[in-house]
Each structure stands twice: as C-alpha cells, then as structure tokens.
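# Overview (structure and organization)
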Amino acid sequence: MAQSKPHTTRTLGPIHFEDLEPHRFEDLIRQLIYDFKTWHSIEATGRSGSDDGFDARAFETSQRPTLDVNDEAETEPTNEVAGNQWMIQCKRESRIGPAALKKIVADVDLLNPPYGYILAAPTNFSKKSYDAFRELLREKGVMEFHLWGKAELEDMLFQPKNDRILFAFFGISLAVRKRSRTSEVRSIVSVKNRLYKVLDSGPQGSFSRGLLLRDINDKNYPDESAYLDFEHIPRWVHRTAKHFEPTGLVIHYRTYLAFVDPGKKEWDYTTLVDLAHPPEDFASREAWKIQSNKASDCMFGQPRFRQGRLQCYGLLQFSNILLIDPEGDSLFPIPHIYSDFGPNGPYSESFARLYVHNHEIDWGNEWTRIKFFPEKMPEEERKSERPKKKLLKANRSAFQDDRGRRKHFNVLYFELDTSPNLKAGSVHELEKWSEGDDRTFIRITHAGIHKFGLYTKLLRDEWAELENAEQQLNRMPEADEKIFVVEFEFAYPHQWDSSED
C-alpha cells in the first residue's frame, strides 16, 4: 500500500551572483552601501577606468561647527562637509583564498590609508581569510573594515529594506512573494471554512459524507466513454469524506477484505473487490454483489476476530481544492469538489488502516504479510446448505436482546462435554421458544475450540460477550478454560430453495 510521503519544504535557492557582469556587480555593491553609513558622497571610480585599484570611493558626512558672534560659543552644527574616506573594492571571483586576499589588500596605500575599507565578493571566505584580512588592514592603519562574502551579501539582500535591490538585479521580490503567500493562505482558510459549512462539521470529530471529486481539467463530464482509460484514470469519482486534518480533508476511497491473526501477527488483504463504493447502476451493482460474496467466501470458516477490513484513505489538501459546488447536479446530488488530479488523483498522500469490527488494529513492522487470499476470484459462489432435520436447541439470549430484537453479533457457547456436532456451513432450524414464534434458521460461520479469555478479548467487545457466555452457560468460565464456540448468521429459505420466500 502507498505510504505517507515525506513533506518537502519549499525554499528560495541561492542567489546567482555569477550572472552579473563585473561592472553590474559593482553597481549592486554600491546600492547596498547607500544606507550602510550616512554618506556625504559616493563615487563610482571603477566605472571611469582610472580607479587606482578601487571600484568605489565614499566619504562620510561630517559636521562643521558655526560660531555665535554674540558669545563666541559653539552652537548646533549646520554645515555638512566630507568626512572619513572609505574605499570599496569589488571582486566577482567565486574563490578567493588568503594569498589572493593579500594581493587585493596590497592596493591600500600604507602612507595614506582610508579610514574605512570594504571588500565584497560572492565567495565563501574561510576563517584564515577573515583573520588575514583583519590583520593586513590593521597593519596598514585602516580604522574600520568589512569583508562581505556570499553569505553576508545574501543576508543583506534578503532584508525587507533591500527588496527593491533584490528585484532590480535578480528579478526576485520577497515582498511580492509575501503578498502572494498571504493570498494563498487566505484562499486556504476560505476553502476550509466553506467545507465546514457544506459538510456541516467543525474541525473535531468524524463524519461520513458522500462527495464527487472532479478534475478541474475535465471537459467531458459525465461522459465516461470520452476517455478510453477512464476505468484506470477516472476524471471524477464518488468518494466519502471522513474527517478533517489540519491541512486538508481525509477521503475514504478503498476498502478491501483482510485476514488478521493477532496472535501470530500475520495479515493479508485482497484487491479482488473494492467494498467501499458499490456501482451506481443496478446491473453493475448486482455483479458487484456476486463478486463481493465470492471474495467473502475466502474468509468463510475463520473466526470473526480474523476477518478484517483494510481501509484506504487519501488526504485532499485545502490548497488543492479549487472550487466547491455544494449542491451538485441531477446525476450526483451531492457536493462536488474540483481539484487538479495528479498521478495519485486528487490526493497529496495516502495511507491505510486495518480494522476488525470497527476497531483499529495496531499493526507495524513486526507484523508479517502472508499469502492467504487466492490471486483469482473463485469461479463459483458458495451455495447454501439445506437445514438439518433435527432442530437445534439454544439459549434465547444468544439471539435476542432484552427487547426481543435480533442481535447483530451472535455467538453460541457450549461446554466441551455437551457440545453439539456443528460445523461451518451447516444450516439449522431453531426450536421455537413459544408457539407463536416464527421459524428461525441460522448458518454456522465458524465452529471451534478456543480459550475463553483470549477469545472474548479478541472480539473487541469483551464485556458484552462475558455476559452473553454467562447467560448461556449459567456460569462464568475461567480465562484459560477451553470452550466450544459457534459463530453464526441468520439464514432464510430462499438461500437454498428458490421456490420459497
């Protein structure tokens, strides 16, 4: 079965500085330094061709004080002048080691060094390079210096204030992405809340609502014949919504018969028939019933605690729901949900659960799948036997509850020394409990000896079966005691004689 897929996080890839030609890279660095300091002026000396080895020169703003002629005291400065000089060097090389770094810094005039120095290059500098850069500039008398490598440049470009620069040079806008993401989230929230109303359910709890899932790209609904591969790749499917997950709606799309042996931790399932969604038309439904009965016959004789169902589910993400039609149409008067069908249909992931009598089995890697079911469907459906002539006497509590209603789940318990000769498949008529009772027939579906405690525990309805056994045997068996157990279903004359109703 398909397992849950790992979730991949979408991220922004590295910035391709190598796509910029050298002068354009210089322009980028100049843009980034504009708000690095309060500048009096920035000169693009590299563009002129006579840059003395530098690509840009900048001067910090300095304040010249003015004198008050009345008291000769300094007042608030008002006159801005050029202050500390900075030299900016740009190298578009992808690799710069300590030796190359030493050659670049050699351009700094030892006798007349700038106050500040910036070297920018789209490379990943090593610790040795950072240490060499710092030591060389200190020796030359530079007071403030910065080495901007690839990581530092990306950090600056991803800041919101530099979003216009990122877009101008690389066509990327995080602000646009953020607005787009906001719209995407708003759409998801809208879809989620709409589904809550359509399905009449909130985020908690489970439900069972029929839906028609439709491919948004389909233009031939409801004509299935327009697609030669419709049976294998349907463009619309009738499915059942079960509950909400934080990211989407869980859809039940398959149910297969399963064999479960909790003691040996063995299991198997068959895809001979899908029990989840019977066909819509009458003829197909009748054929489906026959196939279902044939598949069920493979399990005949097994105790009920080994007869399971494998339920298959898919997650329909809110983000993949493009349109919701709450009313449907005359063919499918149920909600229609449109999405983009991919290789797995509309689901982003699928998973399976194993159940016995609506109780989930905790099956994991320690369980082994065996070969229990046949590869092909049985040719003939199992025929019902005729009732035995001898009437079967049994405790009424096994068949009816306190209100006289037939029980859905039925088991007969017998002491080993008084157990009747019953076997799976045999049909028996019950003795009447009173003159006015109708004739009642049962078919044995399983007969065998079991340890009482383990059997009742595996039935997943332990307390009800303990009470049932006590009423039939007039005592409560011990947990390790062996009991003859008979499981049965109600039978009807038309099953073995077509002339009878």
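Here the structure is a predicted model, which is why all the values come from computation and not from measurement.

### Focus: the overall build of the chain
Helix and strand counts for the chain come out as 10 helices and 19 strands. Relative to the 2.2 N^0.38 estimate, which gives 23 Å for 501 residues, the radius of gyration of the chain is 40 Å and therefore markedly larger than a compact globule would have. Long-range contacts, defined as pairs at least 24 residues apart, comprise 70% of the intrachain contacts of the chain with a sequence gap of at least 6. Total accessible area on the chain is roughly 29700 Å²; 47% of this is exposed by carbon and sulfur atoms. Side chains of the chain carry 69 positive and 80 negative charges; the gap between the two charge centres is 4 Å.

### As for the pattern of salt bridges
Applying the stated criterion across every chain yields a total of 17 salt bridges. Between aspartate 131 and arginine 134 there is a salt bridge, and its shortest N-O distance comes to 3.3 Å. Taken as a pair, aspartate 131 and arginine 134 lie in helix 4 (residues 127-139) at a separation of three residues, close to a single helical turn. Via salt bridges that share partners, Arg24, Asp27 and Arg30 belong to a single interconnected network.

### With respect to the packing of aromatic side chains
All chains considered together, the criterion is met by 29 aromatic pairs. Judged by centre distance (4.7 Å) and plane angle (55 degrees), the rings of phenylalanine 230 and tryptophan 236 are tilted. Owing to a relative accessible area of 6%, tryptophan 236 belongs among the buried residues under this scheme. Pairwise contacts between aromatic rings join Phe36, Trp39, Trp86, Tyr115 and Trp148 into one cluster. The ring of phenylalanine 36 has lysine 37 sitting right over it, with the charged end atom 5.7 Å from the ring centre. Residue placement shows arginine 214 over the ring face of tyrosine 221; its charged tip is 3.6 Å from the ring centre.

### Some details on the sheet that holds strand 18 (residues 441-451)
Strand order in the open sheet formed by four strands is 16-19-18-17, and the pairing between neighbours is antiparallel. The sheet terminates laterally at strand 16 (411-414) and strand 17 (427-429), the two strands that pair on one side only. Shown here is a sheet whose adjacent strand axes are inclined to one another by a mean of 40 degrees, direction ignored. Bridge count between strand 18 and strand 19 (residues 482-491): 10 bridges; the pairing is antiparallel. Note that in strand 19 the partner of arginine 443 across the bridge is glutamate 489.

### Quick word on the side chain of threonine 440
Mapped onto the fold, threonine 440 is located in the loop between strand 17 and strand 18. What makes threonine 440 buried here is its relative accessible area of 14%.

### Overview of the nonpolar core
In this structure, Leu195, Leu213 and Leu249 are the most contacted members of the largest nonpolar core, which totals 33 residues. Those elements that place two or more of their residues in this core are helix 7 (174-198), strand 6 (206-215), strand 7 (236-245), strand 8 (248-261), strand 9 (266-269), strand 10 (307-317), strand 11 (321-325) and strand 13 (349-356). Per element, the largest residue contribution to this core is six residues, and it comes from strand 8. Within the second largest apolar cluster, 26 residues are counted, among which are Phe17, Ile33, Trp148 and Ile172.

### Side note on unusual backbone geometry
Of the consecutive residues tyrosine 221 and proline 222, the connecting peptide bond is found in the cis state with omega at 5 degrees. When you line up the elements, proline 222 lands in the loop between strand 6 and strand 7. Unlike most non-glycine residues, asparagine 358 shows phi in positive territory, near 65 degrees. Within the secondary structure layout, asparagine 358 lies in the loop between strand 13 and strand 14 (359-360). Positive phi, normally seen in glycine, also occurs at asparagine 474, with a value near 60 degrees. By the secondary structure assignment, asparagine 474 is in the loop between helix 10 (462-473) and strand 19.

### A closer look at helix 1 (residues 22-33)
With 12 residues, helix 1 extends 17 Å between its outermost C-alpha atoms, agreeing within 8% with the 16 Å of an ideal straight helix rising 1.5 Å per residue. Among the residues of helix 1, Phe25, Glu26, Asp27, Leu28, Ile29, Arg30, Leu32 and Ile33 are the ones counted as buried. Capping the start of helix 1, glutamate 21 holds a side-chain oxygen 3.1 Å from the backbone nitrogen of histidine 23, two or three residues further along.

### A closer look at the packing of helix 1 against helix 5 (residues 150-157)
Orientation of helix 1 relative to helix 5, taken along the N-to-C sense of each, is 60 degrees, at an axis distance of 11 Å. Here helix 1 lies oblique to helix 5, going by the angle between them. Of the two elements, helix 1 crosses helix 5, and the hand of that crossing is left-handed. Of the residues in helix 5, those touching helix 1 at Phe25, Leu28, Ile29 and Leu32 are Leu153, Met156 and Leu157. Along the lines of polarity and charge, the residues of the contact of helix 1 with helix 5 split into seven nonpolar, no polar and no charged.

### Observations concerning the environment of phenylalanine 414
Mapped onto the fold, phenylalanine 414 is located in strand 16. Once you skip the residues sitting within four places of it in the chain, phenylalanine 414 turns out to touch Ser419, Pro420, Leu422, Leu473, Ile483, Phe484 and Val486.

### Looking at a nonpolar patch on the surface
There is a patch of nonpolar side chains on the surface, built from Ile216, Leu322 and Leu323 and spanning about 260 Å² of accessible area. Within the secondary structure, isoleucine 216 is located in the loop between strand 6 and strand 7.

### Examining the state of the cysteines
Within this structure, the stated rule accounts for zero disulfides. Of the cysteine sulfurs around cysteine 312, a residue in no disulfide, the closest is that of cysteine 298, at 18 Å.

### Examining the environment of valine 189
Among the structural elements, valine 189 can be located in helix 7. Residue valine 189 is classed as partly exposed on the basis of its relative accessible area of 37%. Spatially, the C-alpha atoms of valine 189 and phenylalanine 318 are 8.1 Å apart, while their sequence positions differ by 129 residues.

Cut-off values and rules
- Residues numbered from 1 in each chain as written.
- Predicted model: local features only at pLDDT ≥ 70, side-chain atom pairs only at ≥ 80, totals over all residues.
- Heavy atoms only, no water.
- Helix = DSSP H or I, 4+ residues; strand = E, 2+ residues; numbered from the N terminus.
- Rg over C-alpha atoms; globule rule 2.2 N^0.38 Å.
- Contact = heavy atoms within 4.5 Å.
- Areas by Shrake-Rupley, 256 points an atom, 1.4 Å probe, with all protein chains shown as cover.
- Lys, Arg positive; Asp, Glu negative; His and termini not counted.
- Charge placed at Lys NZ, Arg CZ, Asp CG, Glu CD.
- Salt bridge = Lys/Arg side-chain N within 4 Å of Asp/Glu carboxyl O.
- Phe/Tyr/Trp six-rings, centres within 6.5 Å; stacked < 30°, edge-to-face > 60°.
- Buried < 20%, exposed > 50% of the residue type's maximum accessible area, 1.4 Å probe, protein only.
- Lys NZ or Arg CZ within 6 Å of the ring centre and 35° of its normal.
- Pairing = 2+ DSSP bridges.
- Axes fitted to C-alpha atoms, helices over the stretch in contact; angles between N-to-C directions.
- Core = buried A, V, L, I, M, F, W, Y, C linked by side-chain atoms within 4.5 Å.
- Expected span 1.5 Å × (residues − 1).
- Polar contact = N/O pair within 3.5 Å; in protein donor to acceptor, adjacent residues only side chain to side chain.
- Parallel < 35°, antiparallel > 145°, perpendicular 65-115°, else oblique.
- Left-handed = near helix turned anticlockwise from the far one by under 90°.
- Nonpolar A, V, L, I, M, F, W, Y, C, P; charged D, E, K, R; others polar.
- Patch = residues over 30% accessible without salt bridge, like charges linked within 9 Å, V, L, I, M, F, W, Y side chains within 5 Å.
- Disulfide = S-S within 2.5 Å.

No statement about biological role is implied by the geometric values presented.
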